[in-house]
Amino acid sequence: MHNKWQHSSRDSLRGASECNVFFKTNKFTDNGFKIKIPLEFARLVNKVDPNDPLLIQVISHKAIAQSGFKSSPLEDENFSPVDGLIHKYNNRVLLIASRSCAIHCQYCFRQNFDYAGHDAISNWGSISDYIDDNKQINEVILSGGDPLSLGDNKIKWLINEIENIAHIKTIRIHTRTAVVVPSRITTELAETLNNTSLNVVLVFHTNHPQELTNEFKESLKKLSNLTLLNQSVLLKGVNDAGDTLVNLSKKLFSFGILPYYLHMLDRVGGSEAFLVTDNSAIELHEHLKRELSGYLVPRLVRDENFEFKSWLGLQD
Ligand code: SF4
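On a predicted model such as this, the values are computed, not experimentally measured, just so you know.

**A short note on the packing of aromatic side chains**
Part 1: Applying the stated criterion across every chain yields a total of eight aromatic pairs.
Part 2: An angle of 80° between the planes, with centres 4.9 Å apart, marks the rings of phenylalanine 22 and phenylalanine 23 as edge-to-face. Accessibility assignment for this pair places phenylalanine 22 and phenylalanine 23 in one class, buried.
Part 3: Here the aromatic rings of phenylalanine 23 and phenylalanine 28 are separated by 5.8 Å at their centres, their planes lie at 70°, and the arrangement is edge-to-face. Like phenylalanine 23, the residue phenylalanine 28 is buried in the burial classification.
Part 4: Site record: aromatic cluster; members linked through ring pairs are Phe22, Phe23 and Phe28.

So this is what it looks like as structure tokens:
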């Protein structure tokens, strides 16, 4: 038997032709990008606005010749000592828990990742041996794809296994699925997250206040004693405006979520249209610092863990 969220995933718009029917147009083309849009997300789009900030994240864009854009900009494949695990930073590892997502984002830095063999659940024996041997690791990050595209039983199993490794104290789960398909936060999933002895950090991926629905807000009420954070990607035409980012931070806070990271675009081929210049990013961040209390200002970063200032070569 399938849950509501699994039906949502099955009923998503797939490909340009289904989008053209839904949005009553003929302008969408695939251009080699595998369009997938959950109906909940599609219904949030303003159909008469061709530049709707939600829509342009998930449709294909014409290629723009620009240097520095790569197939796999973060080179995750080079940091994988065991299939399904990426180890870049001393105290934490990232698991490729799933190769699927509820939605396909045109700017996704992992859209060309070679998932073959990188399945953390199938390779769990080798992964748990690796973590056992590296006692400095105290945090496991579930990523993908989107880890919440796994069923509740698999997530429960994986969290139990991680809980059994004595030196792991924290589990961090990155998800956009829970935002775009709020029914994904099922009672069973909430029980698993609420009852584990691990510290649980949920990092939602939201880019625009229009994505934050009352249904999502309601679904968060099932969660207790978890740390809820958000990360956004700074995207031209989506959220590169001071008012939009201020409103996003305020709305996240009203949902009980703290803005955590504002990522510079990872330069993956096909995402060129979303590039925001460094100077514009700095100006926007200064605007946020003027308009918001410090705890509502996300850290402006490039890649996963490089402070923006460090990346610029500046000193505090
Ligand atoms: S991993 Fe995240 S950014 Fe990439 S397609 Fe999935 S939901 Fe979008």
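Resuming the write-up.
**Concerning the pairing of strand β9 (residues 258-263)**
Part 1: Taken across its six residues, β9 has five buried, putting it largely inside the fold.
Part 2: As defined by bridge partners, strand β8 (residues 227-233) adjoins β9 across five bridges and the pair is classed as parallel. Bridge pairing in β9 links valine 233 to histidine 263.
Part 3: One ladder, built from three bridges, connects β9 with strand β10 (residues 299-302); its direction is parallel. The partner of leucine 262 across the bridge, within β10, is leucine 300.
Part 4: Where the polypeptide runs from β9 across helix α11 (residues 278-291) and back to β10, its parallel neighbour, the crossover connection is right-handed.

**Overview of the layout of surface pockets**
Which parts of space are left empty comes out when a probe the size of a water molecule is rolled across the atoms.
Part 1: Quantified by volume, the largest pocket comes out at close to 1,200 Å³.
Part 2: Along the lines of polarity and charge, the residues of the lining of the largest pocket split into 20 nonpolar, 21 polar and nine charged.
Part 3: When residues are assigned to domains, the lining of the largest pocket turns out to be shared by domain 1 (4-58) and domain 2 (76-312), each giving three or more.
Part 4: Estimated volume of the second largest pocket: approximately 280 Å³.
Part 5: Across the lining of the second largest pocket, the residue classes break down as seven nonpolar, five polar and three charged.
Part 6: The residues that make up the lining of the second largest pocket include at least three from each of domain 1 (4-58) and domain 2 (76-312).

**Some details on empty space enclosed by the protein**
Part 1: For the structure on display, the rule yields three cavities of 30 Å³ or more.
Part 2: There is about 70 Å³ of room inside the second largest cavity.
Part 3: Around the second largest cavity, the lining residues are Asn230, Ser232, Leu245, Leu248, Ser249, Leu252, Pro259, Tyr261, Leu262, Leu288 and Pro298.
Part 4: Among the elements that make up the lining of the second largest cavity, the one with the highest residue count is helix α10 (residues 242-254) (four residues).
Part 5: Class assignment for the residues of the lining of the second largest cavity results in eight nonpolar, three polar and no charged.

**Observations regarding the nonpolar core**
Part 1: Counting 43 residues, the largest nonpolar core has Leu95, Ile131, Ile162, Leu193, Phe204, Leu220 and Leu223 as its most contacted members.
Part 2: Setting aside anything within four residues of it in sequence, one finds leucine 223 in contact with Ile185, Ala190, Leu193, Asn194, Leu202 and Leu228.
Part 3: Cys19, Phe41, Ile59 and Leu275 belong to the second largest nonpolar core, which has 32 residues in total.

**Looking at the domain arrangement of the protein**
Part 1: The assigned domain composition of the protein is domain 1 (4-58) and domain 2 (76-312).
Part 2: Listed by partner, the interface residues are 21 residues for domain 1 and 29 residues for domain 2.
Part 3: Contact with domain 2 buries surface across domain 1, with Trp5, Phe33 and Gln57 losing the most and accounting together for 37% of the total.
Part 4: Applying the counting rule to domain 1 against domain 2 returns one salt bridge.

**Here we look at a nonpolar patch on the surface**
Part 1: On the surface, Phe253, Leu258 and Tyr295 cluster together into a nonpolar patch covering about 300 Å² of accessible area.
Part 2: For tyrosine 295, the location among the structural elements is in the loop between α11 and β10.
Part 3: For tyrosine 295, a relative accessible area of 48% gives the class partly exposed.

**Points about the side chain of glutamate 139**
Part 1: Relative to the elements of secondary structure, glutamate 139 occurs in strand β5 (residues 139-143).
Part 2: Other than its neighbours up to four places away in sequence, glutamate 139 contacts Asn91, Arg92, Val93, Ile168, Thr170 and Arg172.

**What about the site of the ligand?**
Part 1: In the vicinity of the ligand, the contacting residues are Cys101, Ile103, Cys105, Cys108, Gly145 and Arg176.
Part 2: When atom positions are compared with the pocket grids, the ligand is found to occupy the largest pocket.

Analysis parameters
Residues numbered from 1 in each chain as written. Predicted model: local features only at pLDDT ≥ 70, side-chain atom pairs only at ≥ 80, totals over all residues. Heavy atoms only, no water. Phe/Tyr/Trp six-rings, centres within 6.5 Å; stacked < 30°, edge-to-face > 60°. Buried < 20%, exposed > 50% of the residue type's maximum accessible area, 1.4 Å probe, protein only. Helix = DSSP H or I, 4+ residues; strand = E, 2+ residues; numbered from the N terminus. Pairing = 2+ DSSP bridges. Right-handed = clockwise from strand over helix to strand, strands pointing away. 1 Å grid on protein atoms, 1.4 Å probe; cavity = no way out; pocket = protein on both sides within 12 Å on 5 of 7 lines; lining within 4 Å. Points joined across faces, edges and corners; volume = space filled by probe spheres on them. Nonpolar A, V, L, I, M, F, W, Y, C, P; charged D, E, K, R; others polar. Domains from an automatic or database assignment. Core = buried A, V, L, I, M, F, W, Y, C linked by side-chain atoms within 4.5 Å. Contact = heavy atoms within 4.5 Å. Buried area = accessible area lost by both parts, 1.4 Å probe. Salt bridge = Lys/Arg side-chain N within 4 Å of Asp/Glu carboxyl O. Patch = residues over 30% accessible without salt bridge, like charges linked within 9 Å, V, L, I, M, F, W, Y side chains within 5 Å. Areas by Shrake-Rupley, 256 points an atom, 1.4 Å probe, with all protein chains shown as cover. Near = heavy atom within 4 Å. Sits in = over half its atoms within 2 Å of the grid points.

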